[in-house]
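Chain by chain, the residues run as shown.
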Amino acid sequence: MTIYWERCDFCGLYKPTSRCAMFPELSVDFMCCVSCPLWMNTCKSPTWKISTKPVSLQLKSRGVSAEERKRVFEELMKSLESSKS
Ligand SMILES: [Zn+2]
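Each value, and the rule that gives it
- Residues numbered from 1 in each chain as written.
- Predicted model: local features only at pLDDT ≥ 70, side-chain atom pairs only at ≥ 80, totals over all residues.
- Helix = DSSP H or I, 4+ residues; strand = E, 2+ residues; numbered from the N terminus.
- Contact = placed C-beta atoms within 7 Å.
- Core = buried A, V, L, I, M, F, W, Y, C linked by C-beta atoms within 7 Å.
- Buried ≥ 20, exposed ≤ 12 C-beta atoms within 10 Å, placed from the backbone.

Caption draft 1: Here's a closer look at the overall build of the protein chain. In terms of regular secondary structure, the protein chain is built from two helices and three strands. Put simply, the protein chain runs from its N terminus to its C terminus through helices and strands in the order β-β-β-α-α. If you take every contact in the protein chain between residues at least 6 apart in sequence, the share linking residues at least 24 apart comes to 16%.

Okay, structure coming up:
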């Protein structure tokens with residue numbers, strides 16, 4: 001991957017750009033590439049890729065684990081109540 005500091009053909013700003021995978025005649029910067037509707041969909045190998053895990057994914061898994069803990073606790077309380085009677 002070769003990066004050139006030139007004008008992005010999508011937003012018109014001077015940024016580090018690379019050749020668009022879908023339209024090789026166009027230069028694209030990171031932000032325009034990842035916000036492209038074709039990114040990782042129609043465009044199977046985008047010029048710019050995100051290597052780090054999305055933050056929302058980490059937050060979601062943390063929320064699920066808290067929900068799971070609550071469910072287990074409720075089940076434990078129910079079984080304690082039924083054993084009493
Ligand atoms: Zn741009």
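Here the narrative resumes, following the displayed structure.
Caption draft 2: Just the nonpolar core, in detail. Listed in full, the seven residues of the largest apolar core are Cys8, Cys20, Val28, Cys32, Cys33, Cys36 and Trp48. The contact partners of tryptophan 48, leaving out residues within four places of it in the chain, are Ser18, Phe30, Cys33 and Val34.

Caption draft 3: Quick peek at unusual backbone geometry. If you check the backbone angles, methionine 40 has positive phi at about 60° while not being a glycine. With respect to the element layout, methionine 40 can be found in the loop between α1 (30-34) and α2 (55-84).

Caption draft 4: Focus on the environment of serine 18. Inspection of the secondary structure puts serine 18 in strand β2 (residues 14-19). Through-space distance from the C-alpha of serine 18 to that of valine 28 is 5.5 Å; in sequence the pair is 10 residues apart.

Caption draft 5: Local environment of the environment of leucine 26. Of note, leucine 26 is situated in the loop between β2 and β3 (27-29). If near-sequence neighbours (up to four positions away) are discounted, leucine 26 is found in contact with Asp9 and Cys20.

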